[in-house]
Amino acid sequence: MKQSHRFRELDGLRGVAILLVLIGHFSATYPVYFPSGPIPPFSIYFGGMGVQLFFMISGYVILMSALRQGSAVRYLVNRAIRLYPAYWVALAISSLIIATVGIEYKTITVPQVLVNATMFQRFLFVENVDDVYWTLAIEWQFYLLLFALLLWKKKHLTENTVLKAAVAWAFIGFIICVWAGPGENLPMLQKLAVWAIVAEHAPLFGLGIACFIFAASRDFSWYVPYFAVLAIANCWLRTSVHYAVVMILLVAIFIAVTYIRNIAVLRSGPLHFFGRISYSLYLTHNVLGVVVLHHVWLSTGNYWVGFCAGILSSTAVAWILHVAVEQKLTRTIKHKLLNGIR
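Residues numbered from 1 in each chain as written. Predicted model: local features only at pLDDT ≥ 70, side-chain atom pairs only at ≥ 80, totals over all residues. Heavy atoms only, no water.

1. A few points about the side chain of N116
- Mapped onto the secondary structure, N116 falls in helix 5 (residues 110–116).
- A polar atom in the side chain of N116 sits 2.9 Å from the backbone oxygen of Q112.
- The contact partners of N116, leaving out residues within four places of it in the chain, are Y87, L91, Q121, V126, E127, N128, V129 and Y133. (Helix = DSSP H or I, 4+ residues; strand = E, 2+ residues; numbered from the N terminus. Polar contact = N/O pair within 3.5 Å; in protein donor to acceptor, adjacent residues only side chain to side chain. Contact = heavy atoms within 4.5 Å.)

Right under this line is the structure:
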């Protein structure tokens, strides 16, 4: 079902996702960045699962974009304009911070930064400048799948075609997850298969697609529980039952939001604000925010002062990046580049 108005609750849901990620990085993964530093008073190990919520949202909104753009080239250029300018600015900021202020466990090189500028460093086996960049290659794999479908259908892409492709993709991903098993230290063949197919995360994009097609009209479809069950099963197979329980909650929240829609706490207020700047905040918080947290904590002796300083600094920079680059610069680039593409 095509929709023309902005689904404001999804912005609020992005706010939930980015705050989960941010709190997880400011607590559970802080000792990874600064192993000789003090230990945070709490650890939210499942905070990184906010990324899974982002993938569900991407499945929902990117199908909407692909159907609206029509042209395969126009769609792909639109995605690139949306992602790269803010990413390049954030990459420059993070690289400068790491090279000057420093993060205890990480060093970077100029060639590494240049490869990172492509967003495809994962497939070139080059380390991320900022650890959060791993998700961007996965997003691009999803975009390229839709690009291939648009090329194949030559401007006649239908929701049914995308849904069938997503069903097959998610099932293949599930089979690979069964074969690969848990953990990141997989044999090379299994690792390449998991990466190439986006095996663990394919059902999350599929769930977003299914909810876009069926939820707005409140239609029930077995596609929704199909993708939901596979998403939970893949999480269990690749991580643990504890993370799978969190995934059940995230999947339930996503389905509820897309079907209920009119949820005041997501439509406006803090969650909506954080959702609107979530891309820029995702790109900046993990280096800038954690470094500020670390140094303020050491200088004041109070974790919570450092925690608040990390949130405020990364939020301020993200807001500036969102307004100056995501909105103003991106709008200018789109106007110049997309007008000539049909």
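2. Here we look at the nonpolar core
- Core analysis: the largest hydrophobic core is formed by 100 residues, its most contacted members being M56, Y60, Y87, L207, F254 and L283.
- Considering each element in turn, this core owes the most residues, 13 residues, to helix 3 (residues 50–69).
- The residues touching Y87, leaving out its near neighbours within four places in the chain, are N116, A117, M119, Q121, Y133, L136, Y279 and L283.
- By size, the runner-up hydrophobic cluster in this structure holds 8 residues, among which are I176, C177, A193 and W195. (Core = buried A, V, L, I, M, F, W, Y, C linked by side-chain atoms within 4.5 Å. Buried < 20%, exposed > 50% of the residue type's maximum accessible area, 1.4 Å probe, protein only.)

3. Points about the packing of helix 14 (residues 278–300) against helix 15 (residues 303–338)
- Running from amino to carboxyl end, helix 14 crosses helix 15 at an angle of 150°, the nearest separation of the two axes being 7 Å. When the axis of helix 14 is compared with that of helix 15, the two are roughly antiparallel. The handedness of the crossing between helix 14 and helix 15 comes out as right-handed.
- Considering only residue class, the contact of helix 14 with helix 15 consists of 14 nonpolar, 11 polar and 1 charged. (Axes fitted to C-alpha atoms, helices over the stretch in contact; angles between N-to-C directions. Parallel < 35°, antiparallel > 145°, perpendicular 65-115°, else oblique. Left-handed = near helix turned anticlockwise from the far one by under 90°. Nonpolar A, V, L, I, M, F, W, Y, C, P; charged D, E, K, R; others polar.)

4. Things to note about the state of the cysteines
- Tallied over the entire structure, the rule returns 0 disulfides.
- Free cysteine C177: the closest other cysteine sulfur is in C235, separated by 9.8 Å. (Disulfide = S-S within 2.5 Å.)

5. Description of the confidence of the model for the protein chain
- Of the residues in the protein chain, 97% have a pLDDT of 70 or more, and the chain-wide mean is 91.
- The secondary structure element of the protein chain with the lowest average pLDDT is helix 3, at 88, and the one with the highest is helix 5, at 97. (pLDDT = per-residue confidence, 0-100.)

6. Some words on helix 7 (residues 159–180)
- Taking 1.5 Å per residue, 22 residues should reach 32 Å; helix 7 reaches 31 Å between its end C-alpha atoms and fits that length.
- Phi turns positive one or two residues past the end of helix 7, at G181, with a value near 80°. (Expected span 1.5 Å × (residues − 1).)

7. Structural notes on the packing of aromatic side chains
- Summed over all chains, the structure comprises 30 aromatic pairs.
- Each ring, one from Y30 and one from W297, has its centre 5.3 Å from the other, and the planes form 45°; the classification is tilted. Of the two residues, Y30 is situated in helix 2 (residues 30–33) and W297 in helix 14; the sequence distance between them amounts to 267 residues. For the pair shown, Y30 and W297 are each scored as buried. (Phe/Tyr/Trp six-rings, centres within 6.5 Å; stacked < 30°, edge-to-face > 60°.)

8. Re the environment of L76
- Relative to the elements of secondary structure, L76 occurs in helix 4 (residues 72–100).
- In this structure the C-alpha to C-alpha distance between L76 and Y143, which are 67 residues apart in sequence, comes to 7.5 Å.
- Sequence-distant contacts of L76, that is, excluding residues within four places in its chain, are made with W140, L144 and F147.

9. Comments concerning the pattern of salt bridges
- Throughout the structure, instances matching the rule amount to 7 salt bridges.
- E326 is the salt-bridge partner of R82, the closest N and O atoms lying 2.8 Å from each other. With a gap of 244 residues between them, R82 in helix 4 and E326 in helix 15 connect regions that are remote in the sequence.
- The class of R82 is partly exposed, set by a relative accessible area of 28%.
- Residues E127 and K106 are paired through a salt bridge, measuring 3.3 Å at the closest nitrogen-oxygen approach. Taken together, the residues span a long stretch of sequence, with E127 in the loop between helix 5 and helix 6 (134–153) and K106 in the loop between helix 4 and helix 5 at a distance of 21 residues.
- Here the salt bridges do not stand alone but share partners, grouping K106, E127 and D131 into one network. (Salt bridge = Lys/Arg side-chain N within 4 Å of Asp/Glu carboxyl O.)

10. Observations regarding unusual backbone geometry
- For M119, which is not glycine, the phi dihedral falls at a positive 75°.
- Classification of M119 as buried rests on a relative accessible area of 1%.
- A positive phi is found at V198, a non-glycine position, where the angle reads about 55°.
- Position of V198 among the secondary structure elements: in the loop between helix 8 (188–197) and helix 9 (202–214).

11. Things to note about helix 15
- Along its length, helix 15 reaches its greatest deviation from straightness, about 35°, at T330.
- Capping the start of helix 15 is the job of one residue whose side-chain oxygen sits 2.8 Å from the backbone nitrogen of W304: N302. (Bend = angle between axes of the 7 residues up to and from the residue.)

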